[in-house]
Every structure is written in C-alpha cells, then in structure tokens.
Amino acid sequence: MEGQRGSDRRDDQLLEAAALGGLREDLVPAREQALQLLAGRPVRGDRVGIAWLRSTCGACSFCTTGRENLCEASTYTGWTHDGGYATHCCVPEAFAHVIPPEFDDTEAAPLLCAGIIGYRALRRSQVPRGGRLALFGFGSSAHITLQVARHWGCTVYAVTRDAAHRRLALDLGARWAGGTHEALPERVDAAIVFAPAGGLVPVALQSLQKGGTVALAFALAHPERISKLVVSDAAAAFPPEGRQAFAVMAEKVAEGGLGSIAEIAAKRVFSPAYLAAHPEKIEERKNVLLAIDPKAFQAACKILQETDLVPQLHRLKVPTLVVCGEFDQATPPALNKQIVEKVAGARYIELPGCGHCPPLEQPKQFLAAIGDFVGL
Ligand SMILES: [Zn+2]
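Described below are features of the structure shown in this document. Residues take numbers from 1 onward in each chain, read along the sequence in its written order. Totals for whole chains, interfaces and linings use every residue, but because this is a predicted model, local features are given only for residues with pLDDT of at least 70 and side-chain atom pairs only at 80 or more, for both listing and counting.

Burial analysis of strand 8 (residues 132-136) places five of its five residues in the buried class, the great majority of the element. In this scheme the burial state of a residue depends on its C-beta neighbours within 10 Å: 20 or more other such atoms mean buried, 12 or fewer mean exposed, and anything in between means partly exposed; the C-beta positions come from the backbone. Strands here are runs of E lasting at least two residues and helices are runs of H or I lasting at least four, both read from the DSSP assignment and numbered beginning at the N terminus. Of the two faces of strand 8, the one carrying R132, A134 and F136 and the one carrying L133 and L135 are both buried. In this description, strands pair whenever DSSP reports at least two bridges between them. With five bridges connecting them, strand 8 and strand 9 (residues 155-159) associate as parallel partners. When the sheet's bridge partners are listed, R132 is paired in strand 9 with T155. The crossover handedness rule: strands pointing away from the viewer, path from first strand over the helix to second strand clockwise, crossover right-handed. Crossover strand 8 to strand 9 through helix 2 (residues 140-151) is right-handed. By the bridge criterion, four bridges tie strand 8 to strand 11 (residues 188-193) in an arrangement that is parallel. The partner of F136 across the bridge, within strand 11, is V193.

In structure tokens:
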C-alpha cells in the first residue's frame, strides 16, 4: 500500500459496494470496506479497499516525507466523506488499494483500518523479530497486531480487562494474558497501548526492559472516539526556550543522574505560595523523580523536545475544556491558550494562584472547574 502516492494522483474513482452482500454490518465498521471498482484505475473491475485515511494533499512537508497520516488537509472515510455503508463512494486513485486475490472480503476489510493502525504501532514500537511485546488493550487492532507479531516470532503478552479478550489473545498465540493490575511475568522489549486510557501508560512503561519503547496508538488515530476532553496544564508543542530547557535537563541527568535536577524540577511543579506553606511537598516530588530510570527520563525529554502536535489540534472536534494554573511554570497559560485557539469551541479556565498540577495543589477548585463540563 506504500509507494504509489504523490505525483501520480488522479481524480476520484467511483466504487460500488458489490462485495457487501457477504459482510455483516456488525462485523464491519463503516470505514473499512472491500469494494468493486466501477470506473477508472487501478483497473476497472479490480477489487479494491479503501482505508480510514481517504486522501491527503500530497504536497506538504508531511506528505513528502512519508508521514501523510499527519497531513493537515487529510480526509477520512466515514467521517469527512461517506464510507463503507454507502452503496457507492468515491476515493482518489492513490488511496484505492488493490486487494490480493488470496484474501476474501471479510479477511481484507479489517486490515484496512484496525490492521493499518496496529501495523503502524507495531512498526513504531520497534520490537525486534523474535522479541517480547506487550499489548495493552485487546480490541480489533490488537488482535490483528498479535497475529503479525507472532508471525515475526515474537512472544506476546496481552493486558486487558475483558476476560473474553484474554481468552482470544491466548487462542491467537499470546504467551500470557492478564488484567490491568497483574504484573507481566517478564519485562518486554516493546509495549503498545491501544486502550484509550492514559493511566495505562505508566503501567506499560513499568513493563519495559531497559531501552524499551511504548507506542501510543489510539488517541490521535481515533479522536472521534473521545466524547469530551479535559486538558490540564499542557502544551501541544514547546517553544525554542522550552525545548532548550529539556535538552539541558537531559544532559544534566546523563552526567549526574536524577539527583542533579530533582530539587529544581520538583519546585517547578507548584506555585511559590503553595511551596512556602507545604515545604514537605518538595521532598515528596523529589522522591518520585529519583525513582525514575535516568534513561527513561532522558528519552522523555527528547520526546518533549521533538513533539509538535499543533498541526493536528484542528482535528479535535469534541467539546474541549482547557484548565491551567495561573503560575504554571512548566506549561504556562500561553501554551494552554494555544490549544484553546486551535481547537474549535474549546473553553479555557485559569485557576488563580495555582501551579502546574491543579489536581495536587488545588483539588477542590480543579473539580469545581471541570464539574459542570464532565457532568460530575
Ligand atoms: Zn499533506
């Protein structure tokens, strides 16, 4: 499916859902579909599939560097355009994927959405062939990813709340399947978090062997599955001076361990007034920082330097509330307001006198700020 985009783009192609008869709607969501090509190329009569990513501009810095999934002008099947439940639909030729004859429609359709997401996450996880991989969340993407990983000779561990999903994971060849509060039997080389639950990220990090990688697949791939979003004291990207600060911190930690930055990093979490009233909080935060693997801390600094989610913010179409502490030094109000500006309809609440972590420093005010919005 790669390598045929770009200059060779032609007009939309008309597709007929001739293959739909064999598919059950409850098995095949609207955005993954095998269809019959009625006119144009690849070749009339070819059986092709259309994926979630329906088109991109082909010219921007993302499209021309193999990262078209980040294109600002991208469109989506079943979201910006009619999808697989339609009797006919149009798709640019470069995004009509010819289905090899060895796949039947029901086998091919899931590969076009869940399969693509899972495969990309698997590639990004950098799990080596024959390595150990943990999957957090075990839905449609993960169950395909598991089969590819097994084909690569990997040992796979599945973490999921659902007992039926744990059984399916074992049936498909997982070495172990457990709940979210069970420890993995051994450390893994890579972990993929499919579940849209931020709380799983630290759990996944804990499961890693040194130098391991966690890939977050869900939130940006499926913004439509979020019904409401509360963002607190966050940044979609850091300005140059912020990036420089992360570079300096990573350097210091490389030379002198977490101890060299623990005090200053701990102080940046709270407002000066709160710290004056609760000096013991510095020790508490320092201990949290000192428990972090320096390599993981350096890797996190690198990610924070490089991350730029600003071009993707406009994709968030869900009601969004941004809450920020007035004296947040880590992600100041200006960075939070940048998110508000780019997300249509987003609201902003600033907590007077508060630092970077409102849930720790002003828990009551924080709950009051988000209460109406989330329906507490
Ligand atoms: Zn583009």
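In this section: unusual backbone geometry. We note that Q126 has phi near 60 degrees; this positive angle belongs to a residue other than glycine. Here Q126 is to be found in the loop between helix 1 (105-125) and strand 8. Although it is not a glycine, D233 sits at a positive phi angle of roughly 45 degrees. Considering the arrangement of structural elements, one finds D233 in the loop between strand 13 (229-232) and helix 6 (240-256). The class for D233 is buried, based on 24 C-beta atoms found within 10 Å.

Our focus in this paragraph is the sheet that holds strand 15 (residues 347-351). With respect to topology, three strands assemble into an open sheet ordered 13-14-15, the strand pairing being parallel. At either margin of the open sheet sits one strand with a lone partner, and together these are strand 13 and strand 15. The average undirected angle you get between the axes of adjacent strands in this sheet is 20 degrees. Looking at chain direction, strand 13 and strand 14 (residues 320-325) are connected through four bridges and run parallel. Within strand 14, the residue paired with S232 across the bridge is V323. Any pair of residues counts as being in contact when their C-beta atoms, constructed from backbone geometry, are within 7 Å of one another. Structural elements are reduced to axes, namely lines fitted to C-alpha atoms, with helices fitted over the stretch in contact, and the angle between N-to-C directions of any two is expressed from 0 to 180 degrees. Across the sheet, helix 11 (residues 333-342) touches strand 13, strand 14 and strand 15, and the angle it forms with strand 14 is around 175 degrees. Its contacts with the sheet place helix 13 (residues 363-374) against strand 13, strand 14 and strand 15, and it is angled at close to 170 degrees to strand 14.

The subject of this paragraph is the nonpolar core. Under the definition applied here, buried Ala, Val, Leu, Ile, Met, Phe, Trp, Tyr and Cys residues are grouped into a nonpolar core through C-beta atoms within 7 Å. In this structure, L133, A134, L135, F136, V156 and A158 are the most contacted members of the largest nonpolar core, which totals 46 residues. For this core, the secondary structure elements donating two or more residues are strand 3 (47-50), strand 6 (88-92), helix 1, strand 8, helix 2, strand 9 and strand 11. Sort the elements by how many residues they give to this core and helix 1 lands first, with 10 residues. No fewer than three residues from each of domain 1 (12-102) and domain 2 (114-223) sit in this core. Counting 13 residues, the second largest nonpolar core, distinct from the first, contains L316, A346, C354 and F366. Domain delimitation follows an automatic or database domain assignment.

Take the packing of helix 6 against helix 10 (residues 294-306) next. At their nearest, the axes of helix 6 and helix 10 sit 9 Å apart, and the two run at 165 degrees to each other. Classed by the angle they form, the pair helix 6 and helix 10 counts as roughly antiparallel. Note on packing geometry: the crossing formed by helix 6 with helix 10 is left-handed. Along its contact with helix 6, which presents R243, F246, A247, M249, A250, V253 and A254, the element helix 10 presents P294, F297, Q298, C301, K302, L304 and Q305. Small angles under 35 degrees read as roughly parallel and large ones over 145 as roughly antiparallel, with 65 to 115 read as roughly perpendicular and the rest as oblique. Note: crossing handedness is left-handed where the near helix turns anticlockwise from the far helix by less than a right angle, and right-handed where it turns clockwise.

With that out of the way, let us pick up the environment of V323. With respect to the helices and strands, V323 occurs in strand 14. Residue class for V323 comes out buried when judged on the 23 C-beta atoms lying within 10 Å of it. Taking the C-alpha atoms as reference points, V323 and L351, separated by 28 residues in sequence, lie 7.3 Å from one another. Dropping the residues within four chain positions of it, V323 is found in contact with V230, S232, I349, L351, P358, F366, A369 and I370.

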